[in-house]
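# An overview of the molecular structure
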Amino acid sequence: MEQEQNTLFQKMWKRKGYRAELRAASALAIKQWQVEFSYPLSVLWFIVMPFLWFIPLILVGTAVAGGPSSATLDGLVGTSDWITYIALGSSYTGLAISLMWGTGFAMRREQNAGTLETLMTTPMRRDTLVWGSMLHNLQHGGLGVILQLAASILLFGVTLDWWGIIPALMIVGLSVIGMQGLIFTIVCIVLTAKQGWMIVEFLSSTLLLVAPISYPIAVLPSVLQYLSIVSPLTWSVEGFRGFLMNGIAYSGAFNAVMALIILDIVFVIVGGLLFKYTESYVRKKGALSQF
Amino acid sequence: MTELIQNDHEASLHQSSDYLETFKPRAMDWTAAKTFAIKNLRIALRYPANILVWGFLPILWFAPYILMATAVGGLETTAHFTEISGYGDFIQFVVIGWFVYMYLDNSIWGIGNNFRWEQFSGTLEPLFTTPVPRISILLGAAFSDTVQGTVQALILFGISTTMFGASYAITAILPTIIILLVMVIGLYGFGFMLAALILVFKDPSVLSELVSETSYMISPVNYPINALPRPVQFAAYMIPTTIGIITIREIAITGAWNLLSFSQALIALGALAVLFWIIGLACFQFAENWTKQRGHMGGF
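What you are looking at is a predicted structure, and each value in this text was computed from that prediction instead of being measured. What you see as residue numbers is a count from 1 along each chain, following the sequence as written. The order in which chains are written sets their letters, starting at A; the order in which ligands are written sets their numbers, starting at 1. Where totals are concerned, whole chains, interfaces and linings use all residues; where local detail is concerned, this predicted model gives features only for residues with pLDDT of at least 70, and gives and counts side-chain atom pairs only at 80 or more.

On a plain count of helices and strands, chain A comes out with 13 helices and zero strands. The order of helices and strands in chain A, counted from the N terminus, is α-α-α-α-α-α-α-α-α-α-α-α-α. As a reference, a globule follows 2.2 Å times the number of residues to the power 0.38, and the radius of gyration itself is taken over C-alpha atoms. The C-alpha atoms of chain A give a radius of gyration of 21 Å, which matches the 19 Å a tight globule of 291 residues would have. Its C-alpha atoms give chain A principal-axis dimensions of about 75 × 40 × 35 Å. Burial is judged by counting other C-beta atoms within 10 Å of a residue's own C-beta: 20 or more means buried, 12 or fewer means exposed, and anything between counts as partly exposed, with every C-beta placed from the backbone. Going through the 291 residues of chain A one by one, you find that 45% of them count as buried. Comment: elements are numbered from the N terminus, with helices defined as DSSP H or I runs of at least four residues and strands as E runs of at least two.

Right under this line is the structure:
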């Protein structure tokens, strides 16, 4: 028995390479699902969440427009169907929030549960902790997007161009990379500020404000428009909605893809470096488990 | 030196036994409530980033609705909105909604989460073994939330009126304070109910999100109450802030203070307050017994 344990221990320490890290990330994602399912309310929240965010937007739109079409929106973006415009934009919000909050706070949750230091001593790369949580939140948020889109089609008459689904998924793929850079930054805030949820709430609310979720960026003040252009969330929402509304005929495809590729490179490099520096700084300070 | 420490220890033992001998259980301990509230406010101020939450975050939450209304309906308030709401300025309408909603948001996220925070800090069980009535602890948590909620609502109101140019009748100040006072008392009962749920279900983030988003969806913050289906309107009136928003909005925008409708609103809010306090305290007592019997109090 003891020998068996020693062999397992040695095998664990010898593990290396991307496949080993992927297995670790996958195990972390599964663990998070198990934690979530152990809270019955989490399951209920997961099902109703997309609707609770979407319905107030529909109610405001109906109160203001008084019908299913808007001439003002048509003048701004070339479609008068405000319900489809908002439904597709807001469906992506669930995924973005899940990635930012779920992944950004994964380490804080471990810290609260007293398991962060233990996890940090396991023989895996430190950033695998973040990637594992991202994998879980991608599944979690992705299912939310599917749920909201299905309900929007069935209940609110939203129409999709089915040819746009694969390109829209590719946009999601590009978006996740850029968002990961942002998430690394959030993790740094959480690790150093501890009660950093307020800063993260501020950051995520600002990103959501400048993202074209329920309105085009043309209605934003010019300062915020500049901020919007350098946010990966902006191009993710634009690309995702553009492909699902117009299919492969989406005219803004080149701009959205190019902007996402450039922002992905910048955000991943900056976020990765920040994480590496912060994680080593916090460990040197011995402040990993501090509240 | 050792003798001195021993003497100090004996003196403190003597003092505490005096306290215990003269101790009589009370229905309400205001000193404990005050101490708990001050402790919570000290913790809140300990994290300077709180200023971001208190001051600016609500602007980021409600600005998207104003931008969306602009994108869908144009820069001017639409005729349809004026027709169904009775008000000619969407921004003026929304700012009051958010101002009052801040109190509901604080009562949802505050009282119950206080207990969760005590649980994470490992101080929930010791807190529940102190010889003070539970109502003092609950009210202490509620007081600190009211202070934070008021600061938040006032900053939001100040920034919104400056930024968007919304103006209101100055005569609305006194009736607004009266309505807010009764509404906040009702919200305390609402908060006690949530604290009970958090003691049982533990995970406050999901529960608070669920209650917060649902109550926000059915509250007439960004749209008039008649934009909701009839059964939902009934549910909306069961939340104390709904009557608060409607009454304060009418007085603040029109400047007209109708004594009859104001009294009706106060009576309705008072009735809701009594109802929520009865349900809230009963729920909390049940939840406390339930968690204690199962040894779940400090569990995650």
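Many descriptions give the size of an interface as the accessible area lost when the pieces come together. Taken together, the contact between chain B and chain A spans 40 residues of the former and 38 residues of the latter. Those elements giving two or more residues to the side of chain B that touches chain A turn out to be helix H3 (50-55), helix H4 (57-73), helix H5 (79-85) and helix H11 (204-218) of chain B. With 13 residues, the top contributor of residues to the side of chain B that touches chain A is H4(B). For the side of chain B that touches chain A, the residue count by class is 28 nonpolar, eight polar and four charged. A residue pair is marked as a contact if its C-beta atoms, positioned from the backbone, fall within 7 Å. Polar here means any residue other than Ala, Val, Leu, Ile, Met, Phe, Trp, Tyr, Cys and Pro, which are nonpolar, and Asp, Glu, Lys and Arg, which are charged; Gly is therefore polar.

Right, let's get into the nonpolar core. Here a nonpolar core is just a set of buried residues of the types Ala, Val, Leu, Ile, Met, Phe, Trp, Tyr and Cys, joined wherever their C-beta atoms sit within 7 Å. One finds Ile183(A), Val187(A), Leu138(B) and Ala195(B) to be the most contacted residues of the largest nonpolar core, which totals 153 residues. When residues in this core are grouped by element, the largest group, 16 residues, is from helix H10 (residues 173-201) of chain B. Those residues in contact with Val187(A), other than ones at most four positions away along the chain, are Gly104(A), Met107(A), Val130(A) and Phe275(A).

Attention shifts here to the environment of Gly164(A). All names here are of chain A. With respect to the helices, strands and loops of the structure, Gly164 is situated in the loop between helix H8 (126-156) and helix H9 (165-193). Along the primary structure Gly164 and Val130 are separated by 34 residues, whereas in three dimensions their C-alpha atoms are 30 Å apart. Discounting chain neighbours no more than four positions away, the residues touching Gly164 are Phe243, Leu244, Asn246, Gly247, Ile248 and Tyr250.

How two helices pack is summed up by the angle between their axes together with the distance between the axes. All names here are of chain B. Lines fitted to C-alpha atoms define the axes here, with helix axes fitted over just the stretch in contact, and angles between the N-to-C directions of these axes take values from 0 to 180 degrees. With their axes 9 Å apart at the nearest point, helix H6 (residues 90-109) and helix H13 (residues 240-254) run at an angle of 140° to one another. It follows that H6 is oblique to H13 by the angle criterion. Note on packing geometry: the crossing formed by H6 with H13 is right-handed. Facing Gln92, Phe93, Ile96, Gly97, Val100, Tyr101, Tyr103 and Leu104 of H6, the residues of H13 in contact are Thr241, Gly244, Ile245, Ile248, Arg249, Ala252 and Ile253. Of the residues contributing to the contact of H6 with H13, the split by class is 10 nonpolar, four polar and one charged. Should an angle lie under 35 degrees it is considered roughly parallel, over 145 roughly antiparallel, and from 65 to 115 roughly perpendicular; all remaining angles are considered oblique. We call a crossing left-handed when the near helix sits turned anticlockwise from the far one by less than a right angle, and right-handed when that turn is clockwise.

This brings us to the packing of helix H3 (residues 40-65) of chain A against helix H5 (residues 82-104) of chain A. All names here are of chain A. Packing of H3 against H5 brings their axes to within 10 Å, and their N-to-C directions diverge by 155°. Between H3 and H5, the angle is such that the two are roughly antiparallel. Crossing geometry of H3 relative to H5 is assigned as right-handed. In this structure, H3 uses Met49, Pro50, Trp53, Phe54, Leu57, Ile58, Gly61 and Ala65 to contact H5, whose residues at the interface are Trp82, Ile83, Ile86, Ala87, Ser90, Ser91, Thr93 and Gly94.

Residue and element names in this part refer to chain B. pLDDT expresses how confident the predictor is about each individual residue, on a scale running from 0 to 100. Chain-level statistics for chain B give a pLDDT mean of 83 and a share of 86% at 70 or above. Mean pLDDT values for the elements of chain B range from 63 in helix H1 (residues 2-22) up to 92 in H13. For this predicted complex, the interface confidence reaches an ipTM of 0.82, while the overall pTM sits at 0.80.

A word on the environment of Arg241(A). All names here are of chain A. Within the element layout of this structure, Arg241 appears in helix H12 (residues 232-246). Here Arg241 falls in the buried class, since 29 other C-beta atoms lie within 10 Å of it. Between the alpha carbons of Arg241 and Arg283 there is a distance of 42 Å; along the sequence they are 42 residues apart. Those residues in contact with Arg241, other than ones at most four positions away along the chain, are Leu88 and Gly89.

Moving on, we come to H13(B). Residue and element names in this part refer to chain B. Here the expected length of a helix is defined as 1.5 Å per residue gap, with one fewer gap than residues. Taking 1.5 Å per residue, 15 residues should reach 21 Å; H13 reaches 22 Å between its end C-alpha atoms and fits that length. Of all 15 residues that make up H13, 14 are buried, and the element is covered over most of its length. Trailing H13 by a residue or two, Gly255 shows a phi angle of about 80°, which is positive.

Residue and element names in this part refer to chain A. Tracing the sequence through the fold places Val268 in helix H13 (residues 253-285). Judged by local crowding, Val268 falls into the partly exposed class, with 17 C-beta atoms found within 10 Å. Separated by 84 residues in sequence, Val268 and Phe184 have C-alpha atoms that sit 8.3 Å apart. Among residues more than four places away in sequence, those in contact with Val268 are Ile177, Gln180 and Gly181.

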